[in-house]
Structure formats: C-alpha cells, structure tokens
Amino acid sequence: MHILGIETSCDETAAAVVRRHGSGQGEILSNLVLSQTAEHAPYGGVVPEIAARAHIEHLDRLVGQAMMEAGLDYQDLDAVAATAGPGLLGGLLVGLTMAKAIALGHGKPLIAVNHLEGHALTARLMQEVAFPYLLLLVSGGHTQFQIVEGVGRYHRLGSTIDDALGEAFDKVAKLLGLGYPGGPQLEQRARGGNPQRFSFPRPLKGRRDCNFSFSGLKTAVRETVSRLGRLSDEDVADVAAGFEAAVAETVADRLAMAAQAFRAAHPEAAAPALIVAGGVAANQRLRAVIADVAALHGFSLVVPPPRLCTDNAAMIAWAGAERLQLGLTDDLSVAARARWPLDVAQAPVYGTGKLGAKV
Ligand code: KG4
Ligand code: ZN
C-alpha cells in the first residue's frame, strides 16, 4: 500500500510517501522536510502565526514534490494521512485541510494521525520491532515514557511535570548566549568543558515514579550564570558540560525506573526493544548513558536515524499505513486538536508540556 503523509504541527512543513509491503516492511519513497528555523530564530522560539503562514505558503508545492519523487499519481495512493494533533492549531488546520481535500477529490480514505503515534511507530518502518516495547520520547515539546502495546494502544508511564528536555536545552543555551535551537550548540560547547566544576541538581533522582522535571535544573543554571557575570569561553563550556552531566544522570535514573515498570507490566516480554525518538536523541552523551541502561536491563536499543527521529512526514505516513492495515480510517469531519494525549484512556497526571509547545 502507498500512503501520503503530511506533517504541519509545529515549525517543520513536511510531506512524504511511504510504501508498506505485504510482509509488513516499510519503504520511504520520498521524505521532504522544510524547516522554518530561520524564520523563528530572531524570536528565540516558535511563533505560531509565522508557522501557520509558512505552512500555507509551502505545503502545496511540497506535497506535489513528494508525489513526484515517489513517482506516483494521486490515484495510486491507498490513503492520505495527516497530523491532526497535538500541536499548534493553525498549522494543524493547514495540513489536515489539505489532506481532506486530497482524500475528497480523489476518493481516498483519510487518516488523522496523532503526532506522538508517528514518533512511537517510526522504528517499525525501518526494521521489525515487536510489540510491546518501551518508548522514550525526548523532543522540544515532549518528554515521556510510553509502553507501546500495539497500534493505538499506549500506556504512559511518566512524563515531564514542567519543561520538556529539548526546551531545557534550548533555554540553557540561551542563558549561555548560544543560538536557537540551542541543543546541538550546547552539546558542542560541552565537549571541551569540565562537568565537575559546577554541581547542578539531578531532579527527581531516586523517586519511584517515571516522571521528569527540568525547571529546577534550569533555575540552578540561571543562578550560576548570573553569579559568574561575564562568561568566558571556559565558563560556557563548563556550565554546558555540568548541565549535560546532570541531564544524563537524571535520564539514566528515570529510564532505569521505566525499565522496571515495563518489566512489571510485561513479564512475558523476553528481550523487549527500547525506542528513543525526538530531536534530543541526537545527543551523544545521552545516547551513551541510554545504551548502558538499556543493556543493563536487557532491552535492545533502537534509535531511528536523525531524519526520522526529528519531526518528519514519513513517520506520519507510516502511522497511517499501520492504521489502514487495521481498517482504522477517519471521517472527513475529524477535527484538529491542539492537545491530544496518546493514551486517551488515561487521564493526564500532569500537563503534557506547555501550550503551543513542540511535540
Ligand atoms: O524532535 P525535534 O526536532 O522537534 C520537536 O521538538 O518536535 O526536537 C528539537 C529539540 C530542540 O529542543 C533541540 O534543541 C533538541 O531537540 N536537540 C538537541 C540536540 N539536537 C537537537 N538537544 C541536545 N543535544 C542535541 N544534540
Ligand atoms: Zn515531534
């Protein structure tokens, strides 16, 4: 089957076509992502109205190009999938409306995809990964653990009670005078730094739940930075390294807790997979500690390649393919949703991030 996927939930305009073979194997025929980072950089974050306008301006052409690169006509599609939430409503409306128009015009089924489900299922596009598995999603707007029991069947083990991890990286980078988005630059500066010079807190370490918290850590960094006054290159590197060390230790501790919770929920799973998705998964130091904890707890680690870890439309098309395979399609009246927890049966313990935040 061939699925067109559209992603417009935040600041990436993306369109992709994937093929799902009868064997269940996936293949990416085209995967285009147009980042709006340059448009938002002067503001130090994503401006919703600018994002929505940029989606309107570029999506039409991008979808046409994705179809052309895939060598398909709209008639060849089996369905059209678009992100319907969570995310910035203006952008979601642009993508979902276009998907509806294509579905209606060409008589194809529509699939409204939860963006988080896209992240959760991507690993199965690249290789065979059996349910159930543990997902750690660490992006600019979300930081959470999910047990992925099947398509549409999720159980959240924990999430951040304040900032998302990518958001914390971006805010700390800003405090250090680095550009936006700050994660990659902070990582680079941390390489030359001394992680022991400053001792930052390890939030929630040792707690029995699987939640995260990063606002206290961010505040500790802010206080250190203001105490230092004018920052030398060495100061920047040391603060960056200290922050990264605190994050790595915290993630390792929270992940160990989630691994145990997964084991308790699924004692039958012999060697389950741990999937790490989201932009922060690019961080090398974090990857190293995650690999250690995964090995210690008998999980096989799967980290999709960066272009599938960060926001893209191939993951939306793939989630659409998995849904279509099960006969799960949506009515044309389906609405976009700014908030849409993955595990709908489970009432959110805390907010799942900031309003308008990236996912
Ligand atoms: O998944 P993503 O591309 O976009 C969404 O949030 O949906 O994630 C972007 C986030 C940003 O906060 C960025 O600073 C962070 O991922 N990030 C990193 C690294 N690369 C990207 N954080 C730490 N280390 C990195 N190497
Ligand atoms: Zn995302």
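Here, residues in each chain are numbered from 1, in the same order as that chain's written sequence. As a convention, the first chain written is A and the first ligand written is 1, with the rest following in written order. Where totals are concerned, whole chains, interfaces and linings use all residues; where local detail is concerned, this predicted model gives features only for residues with pLDDT of at least 70, and gives and counts side-chain atom pairs only at 80 or more. The side-chain quantities take in all heavy atoms of the structure and omit both hydrogens and water.

S.K.: Help me out: how do you make sense of the overall build of the protein chain in this one?
M.R.: Labels follow the DSSP assignment, with helices taken as runs of H or I lasting at least four residues and strands as runs of E lasting at least two, numbered in each case from the N terminus. Helix and strand counts for the protein chain come out as 12 helices and 10 strands. The globule rule used for comparison is 2.2 Å times the number of residues to the exponent 0.38, while the radius of gyration itself is calculated over C-alpha atoms. In terms of overall dimensions, the protein chain is globule-like: its C-alpha atoms have a radius of gyration of 20 Å, near the 21 Å expected for 359 residues. Its C-alpha atoms give the protein chain principal-axis dimensions of about 60 × 50 × 35 Å. Across the protein chain, the fraction of contacts at a sequence separation of at least 24, relative to all contacts at a separation of at least 6, is 75%. Residue contacts follow a heavy-atom distance rule, with two residues in contact if any of their heavy atoms lie within 4.5 Å.

S.K.: Help me understand the sheet that holds strand S3 (residues 26-35), please; the structure alone is not making it clear to me.
M.R.: What holds strands together in a sheet is hydrogen bonding between their backbones, with the strands either parallel or antiparallel. Strand order in this open sheet of 5 strands is S3-S2-S1-S4-S5, and the pairing throughout is mixed. Each edge of the open sheet carries a strand with a single partner, namely S3 and strand S5 (110-114). Between one strand axis and the next, the sheet turns by 20° as a mean value, whatever way the strands run. When DSSP locates at least two bridges between a pair of strands, those strands are taken to pair. Two elements, strand S2 (residues 12-20) and S3, share 9 bridges in a ladder whose sense is antiparallel. Across the sheet, residue Ala-14 finds its bridge partner in S3, namely Val-33. Think of each axis as a best-fit line through the C-alpha atoms, taken over the contacting stretch in the case of a helix, with angles from 0 to 180 degrees between the N-to-C directions.

S.K.: Hey, could you run me through unusual backbone geometry in this one?
M.R.: When glycine is set aside, most residues are seen to have a negative phi, and most peptide bonds are trans. A cis geometry characterises the amide bond from Gly-85 onward to Pro-86, with omega recorded as -15°. Of note, Pro-86 is situated in the loop between strand S4 (79-85) and helix H3 (89-106). Omega for the bond connecting Phe-131 with Pro-132 falls within 30 degrees of zero, at -10°, which places this linkage in the cis form. On the secondary structure map, Pro-132 appears in the loop between helix H5 (123-126) and strand S6 (133-138). Backbone geometry at Leu-204 places phi at a positive 65°, although glycine is not the residue there.

S.K.: Looking at this structure, I do not really get the packing of aromatic side chains. What am I missing?
M.R.: Each pair of aromatic rings is reported with the distance of its centres and the angle of its planes. Only Phe, Tyr and Trp rings take part, Trp by its six-membered ring, and two of them pair if their centres are within 6.5 Å. Stacked means planes under 30 degrees apart, edge-to-face means over 60, and tilted covers everything else. Applying the stated rule across the entire model yields 6 aromatic pairs. For the ring pair Phe-131 and Tyr-133, a centre distance of 5.7 Å and an interplane angle of 15° mean the geometry is stacked. Categorising residues by exposure relies on relative accessible area from a 1.4 Å probe, with only protein chains included: less than 20% of the type maximum marks a residue as buried, more than 50% marks it as exposed, and the intermediate range marks it as partly exposed. For Phe-131, a relative accessible area of 27% gives the class partly exposed. In this structure Tyr-133 comes out as buried when scored by relative accessible area, which is 0%. On the basis of an interplanar angle of 25° and a centroid distance of 5.2 Å, the ring pair of Phe-145 and Phe-212 is categorised as stacked. With Phe-145 in strand S7 (residues 143-150) and Phe-212 in the loop between helix H7 (183-190) and helix H8 (215-228), this pair connects stretches of sequence that are 67 residues apart.

S.K.: How should I be thinking about the environment of Ala-130 in this particular structure?
M.R.: You can see Ala-130 is positioned in the loop between H5 and S6. Expressed as a C-alpha distance, the spacing of Ala-130 and Thr-37, which sit 93 residues apart in the sequence, is 35 Å.

S.K.: What is the right way to read the sheet that holds strand S8 (residues 153-159) from this model?
M.R.: Taken in spatial order, the 5 strands of this open sheet run S8-S7-S6-S9-S10, and their pairing is mixed. Looking at strand neighbours, the two that pair on one side only are S8 and strand S10 (300-302), the edges of this open sheet. Mean inter-strand twist for the sheet, computed between neighbouring axes without regard to direction, equals 25°. Here helix H9 (residues 233-265) sits on the sheet in contact with S6, S7, S8 and strand S9 (273-277), set at roughly 150° to S6.

S.K.: How should H9 be read in this particular structure?
M.R.: Residue pairs spaced three or four apart in an α-helix point in one direction, given the helix's 3.6 residues per turn. An expected span of 1.5 Å times one less than the residue number is assigned to each helix. A rise of 1.5 Å per residue sets the reference length of H9, with its 33 residues, at 48 Å; its end C-alpha atoms lie 47 Å apart and thus fit the reference within 8%. Most of H9 is tucked away, with 25 of its 33 residues classed as buried.

S.K.: Please clarify how helix H6 (residues 165-175) should be interpreted in this entry.
M.R.: Listed in full, the buried residues belonging to H6 are Leu-165, Gly-166, Glu-167, Ala-168, Phe-169, Val-172 and Ala-173. On the buried face of H6, the contacting elements are S6, S7, H7, H8, H9 and helix H10 (284-296). Count one or two residues on from H6 and you reach Gly-177, which has phi positive near 80°.

S.K.: Looking at this structure, I do not really get the packing of H6 against H8. What am I missing?
M.R.: Packed helices, taken two at a time, are described by the angle their axes make and the gap between the axes. One can describe the packing of H6 onto H8 by two numbers: an axis separation of 10 Å at closest approach and a directional angle of 5°. When the axes of H6 and H8 are compared, the pair comes out roughly parallel. Contacts between H6 and H8 pair Lys-171, Val-172 and Leu-175 from the former with Lys-218, Val-221, Arg-222 and Val-225 from the latter. Under this grouping Gly is polar, as are all residues other than the nonpolar Ala, Val, Leu, Ile, Met, Phe, Trp, Tyr, Cys and Pro and the charged Asp, Glu, Lys and Arg. Looking at side-chain class alone, the contact of H6 with H8 contains 4 nonpolar, no polar and 3 charged residues. Should an angle lie under 35 degrees it is considered roughly parallel, over 145 roughly antiparallel, and from 65 to 115 roughly perpendicular; all remaining angles are considered oblique.

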